[in-house]
Each structure stands twice: as C-alpha cells, then as structure tokens.
Amino acid sequence: WRTYGGDDANSHYSALTQINRDTVSELEPAWQYASARGADLPATSELQVNPIVIDGVLFGRSPLYNVFALDAASGRELWTHDRELEHVGLSNMRGLSYWQGEAPAGAPTRRLFFTTGHYLMALDAANGELIDSFGDNGKVDLRLGLGRDPQAISINSPSPGVIFENLIIMGSAVTETAGAAPGDIRAYDVRSGELVWTFHTIPHPGEAGHDTWPGDAWKTAGGANAWAGKSLDRERGVVYVPTGSPTPDFDGSQRQGANLFANTIIALDARS
C-alpha cells in the first residue's frame, strides 16, 4: 500500500485474490525484520504501524519510535532514523504519509511525514534525514496556532496526515478532560511546513455553527477532534473528517446546544 489504510478512502481492504481460504495455509515467512533490536522499549511503546510500500521500499516505524526503510522483497534495512526529541511525550503512531513532487532546488522531492509527540516531522525518503527547510529544522509544533497557551495543552496525532496535492491535512488527539486543546483540522504546506488553512471544529464568532455552542465556548472548550484518521476523494478535492466528543467527554452541562462540529463526519474542501 502506498497510502495508510490501503487507499485514499482509508478502506483497509485489498481486492487481490491470491490469498484466500484455500491458499492461506500454504503461506510461509519470507523474511523478518527485528525493528526493536532487543533494546529497552519506552514504557508506552506499542507497534500499531500500518507500513506503506513505495517503489519496492517498505517504510514503517518501530516500537522504539524510529522510522525505517526496508527493501520490501528481502527485508534488508536501507536506513533508519533514530527517535528525535527525547524530552517530548511519546505517543503511538499508526503510520506514515508519503509525498512526491516538485520542490525548491536542492530540496528532497520524495518526503515522509510522521509525528513524535506534538511535532509533525519531515524526512527525506531517500536517506531518512530530517528536511531542514520544513518548519523549524524539520519539524512543526502542532501546539502552535490553536489560540491557547502551547505550554498548557497536550496534543499529538496518532493517525497519519492525508496528502492532497502539496498539502498534508492533520487531525489530532487531545486529552479528554477540561482544558483540552481544540480539535482544529489543519493543512500544512509539505515543502515549507507553513500553515495553509484551519477549520475550527469549535466554531469561532461569525463561523457556521457558532450559535450551537455557548457564546464564549470557542475560547475554552476542547476536543471535537479527528484522532482516528481521515479519508479523501482526490478527484473532487474533498476530505472527510470524523470527529469525537467535546471535552470534558462525560459532562456537557457547561456546553448546552448541538455543539457542531463534534461527534460527526465533516466534508471539507481539501484546498481551503
């Protein structure tokens, strides 16, 4: 699969028929890659990654939070990118995003995107090195631009971003208690890391749905975030975004109303 979840629709399905009820018993291991290499694993470590394969190269992430590239036919390691940013909170990551296109002179034209804690990071797919021209020396702080004190909120993105043209569209996971970050959907330029557009899932004044929340909820309410992944209709340029509950999850007494756009599926213009 070139895309997390199998395709733009995130369908997790393959129509191939070589493996079926009659042939599955004949499968044998072809190779094995020891991604953790016997090292001490972080306390929160799990292997949730759905690898992707591009032009015969498998890209994935290990329980050590390292990104690796393998020859998909043999399992031979081509490169590995050791975990960055020891000081940030680690979170499970379910996959990587891949982009290929035109870039400024000398900049990588094949890029991998992944998250570590509250950072979105970009690697050169050819060698696993951080792309310094993306964001701040290869990383974008996802806590910024949410209208809250970055030091007071927790945010990460366990599901990989959706690639559309020269954008990576990001959701997030936030805490489930009062004071959580809002679940803004944001698109960043894959070459520069600059923020291109934001959709406020907790609408600001003047935006559709603002009247379904208490008047000042946009200043303090959190959640209504897309943590589980998104799907894309590339031909029509529409990204479909499922969102979860506002926070605190189990007490809505301070946010009477319909609370758009929480607990719903939103269709957004992927360009804007």
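Structure: above.
Bear in mind the structure is a predicted one, so any value in this text is a computation, not a measurement.

Asks: Can you tell me about the packing of aromatic side chains, naming the residues and giving the values?
Replies: Applying the stated criterion across every chain, the model contains four aromatic pairs. Consider the rings of Phe59 and Trp79, whose centres lie 6.1 Å apart with planes at 40°: the pair is tilted. Remark: Trp79 occurs in strand β4 (residues 77-81) and Phe59 occurs in strand β2 (residues 57-61); sequence separation between them is 20 residues. Judged by relative accessible area, Trp79 falls into the buried class, the value being 8%.

Asks: Pulling in residues and values, what's your account of the side chain of Ser35?
Replies: In this structure, Ser35 sits in the segment before β1 (52-54). The residues touching Ser35, leaving out its near neighbours within four places in the chain, are Ser62, Pro63, Leu64 and Phe68.

Asks: A description of the pattern of salt bridges should follow, citing residues and the corresponding values.
Replies: A complete count under the given rule lists seven salt bridges for this structure. Residue Arg191 is joined to Asp189 by a salt bridge in which the shortest nitrogen-to-oxygen separation is 3.6 Å.

Asks: Explain the sheet that holds strand β5 (residues 97-100) residue by residue, including any values.
Replies: An order of β5-β6-β7-β8 is seen for the four strands of this open sheet, with the pairing classed as antiparallel. Each end of this open sheet is capped by a strand with a single partner; those strands are β5 and β8 (139-141). Strand-to-strand twist across the sheet, computed as the mean angle between neighbouring axes with direction ignored, equals 20°. Pairing of β5 with strand β6 (residues 110-116), which is carried by four bridges, proceeds in the antiparallel orientation. In the strand pairing of β6, Tyr98 is matched with Leu112.

Asks: Give a description of the sheet that holds strand β13 (residues 185-189) that names residues and reports values.
Replies: Hydrogen bonds along the backbone pair up the strands of a sheet, which may run parallel or antiparallel. Overall, antiparallel pairing links the four strands, which are arranged β10-β11-β13-β14 in an open sheet. On the outer flanks of this sheet lie β10 (162-164) and β14 (195-199), each paired with one strand and no other. In this sheet, adjacent strand axes meet at a mean angle of 20° when their direction is disregarded. By the bridge criterion, four bridges tie strand β11 (residues 167-170) to β13 in an arrangement that is antiparallel. Residue Leu167 lies in a different strand from β13, and its bridge partner there is Asp189.

Cut-offs and rules
- Residues numbered from 1 in each chain as written.
- Predicted model: local features only at pLDDT ≥ 70, side-chain atom pairs only at ≥ 80, totals over all residues.
- Heavy atoms only, no water.
- Phe/Tyr/Trp six-rings, centres within 6.5 Å; stacked < 30°, edge-to-face > 60°.
- Helix = DSSP H or I, 4+ residues; strand = E, 2+ residues; numbered from the N terminus.
- Buried < 20%, exposed > 50% of the residue type's maximum accessible area, 1.4 Å probe, protein only.
- Contact = heavy atoms within 4.5 Å.
- Salt bridge = Lys/Arg side-chain N within 4 Å of Asp/Glu carboxyl O.
- Pairing = 2+ DSSP bridges.
- Axes fitted to C-alpha atoms, helices over the stretch in contact; angles between N-to-C directions.

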